[in-house]
Amino acid sequence: MKVKKAVIPVAGLGTRLLPATKAIPKELVPVVSKPAVQWVVESAVESGIEEIIFVNSAGKQAIEDHFDGNAELERTLESKGKTALHEAVVKTRNLAKVASVRQHAPLGLGHAVLQARQVVGDAPFAVILPDELVCGEKPALAQCLEAAEATDGPVIGIVEVPKEDVFRYGIVAAEEHGETTRRITDMVEKPPVEEAPSNLAITGPYVLSPEVFDLIAATEPGSGGEIQITDALRQLAQQRPVHGRFIEGARLDVGQPMGFVQANVTMGLQDPELGESLRAWLKEMVAD
């Protein structure tokens, strides 16, 4: 499966980070020196994605603006000789082709993905969640794309979670299929602990075939009264092989306070300008 387009749902309200996200989209809250969503887009581009499709909502146009040009700012930085900052701003607008569609009501991840149907067209595509940063040798999407190439079919990122936490996730039932992949036989959204088929949780990214759009469109609201993509993927797995790929690397959920702090520390330690001084400061803090 050759995938060049990625859908990123960004229509959520970001309530877990309130009051910081009252007036600022949660996706633009900075992790070190870049908004969280820029880390996600850069990871997608590194994985071979050429077009980003944001599924947005009212009041969050700033996300689109961030990836657009700002002629006045660029001229000002250039005229003042602030070369590094100028290059960083220009890089942001040149990362990828960007499109945006609207989700007019918060009806679930499946519904959000469905809004991108016309822009995606009749081709395989990826879905990336903007809250999930993966810190590792290879981007999470690249891992899933490699698996999709090898299996010639849809692939979903999965991880093992503690059994007591399965009610927080979509959970898959799966069969052995290589060292890093599993053949998915069934899945359920946020099951009670005693009913979960495994402790393998769906975390994304997703690499999907276009027939999933028809399945989403036919899906009735499920858990939480929302149209869950898990329900559509369950139907897809009955029609063709769908695989799960174990995601390698540290997962950082920047959509909640502890994950946000962890992401800033983790990415800060890897920053070539900040890493050394941050490491020294953390050692002092621990010693105190």
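What this report covers is the structure whose coordinates are included nearby. These figures come from a predicted structure and were not determined experimentally. (Residues numbered from 1 in each chain as written. Predicted model: local features only at pLDDT ≥ 70, side-chain atom pairs only at ≥ 80, totals over all residues. Heavy atoms only, no water.)

### Topic: the overall build of the chain
Scanning the chain for helices and strands turns up 11 helices and 13 strands. On C-alpha atoms alone, the chain measures out to a radius of gyration of 19 Å, which is about the 19 Å that the 2.2 N^0.38 rule sets for 288 residues. In terms of overall dimensions, the chain has a C-alpha envelope of 60 × 50 × 40 Å along the principal axes. Taken across its 288 residues, the chain has 47% of its residues classed as buried. Of the contacts formed within the chain by residues at least 6 apart in sequence, a portion of 76% connects residues at least 24 apart. Split by element, the accessible area of the chain, about 14600 Å² in all, is 51% carbon and sulfur. (Helix = DSSP H or I, 4+ residues; strand = E, 2+ residues; numbered from the N terminus. Rg over C-alpha atoms; globule rule 2.2 N^0.38 Å. Buried < 20%, exposed > 50% of the residue type's maximum accessible area, 1.4 Å probe, protein only. Contact = heavy atoms within 4.5 Å. Areas by Shrake-Rupley, 256 points an atom, 1.4 Å probe, with all protein chains shown as cover.)

### What to know about the layout of surface pockets
By volume, the second largest pocket is sized at about 780 Å³. Elements represented by at least two residues in the lining of the second largest pocket include exactly β3 (34–35), α1 (36–46), α2 (61–66), α4 (83–93) and α10 (257–270). Examining the composition of the lining of the second largest pocket, we find that eight residues originate from one element, α4, more than from any other. For the lining of the second largest pocket, the per-class residue count stands at 10 nonpolar, six polar and nine charged. (1 Å grid on protein atoms, 1.4 Å probe; cavity = no way out; pocket = protein on both sides within 12 Å on 5 of 7 lines; lining within 4 Å. Points joined across faces, edges and corners; volume = space filled by probe spheres on them. Nonpolar A, V, L, I, M, F, W, Y, C, P; charged D, E, K, R; others polar.)

### Topic: the pattern of salt bridges
Scanning the entire structure with this criterion turns up 18 salt bridges. One salt bridge connects D214 with R117, and the closest N-O pair in it is separated by 2.5 Å. Of this pair, D214 sits in helix α8 (residues 212–217) while R117 sits in helix α6 (residues 117–120); the two residues are 97 residues apart in sequence, bridging distant segments of the chain. For D214, a relative accessible area of 48% gives the class partly exposed. By relative accessible area, which is 34% here, R117 ends up partly exposed. Bridged by salt links that share partners, the residues R16, K26, D131 and D253 form one connected network. (Salt bridge = Lys/Arg side-chain N within 4 Å of Asp/Glu carboxyl O.)

### Some remarks on the side chain of E132
Here E132 shows up in strand β7 (residues 132–135). Within polar-contact distance, the side chain of E132 engages the side chain of R251 at 3.1 Å. Ignoring anything within four residues of it in the chain, the contact list for E132 reads V40, T203, R251 and L252. (Polar contact = N/O pair within 3.5 Å; in protein donor to acceptor, adjacent residues only side chain to side chain.)

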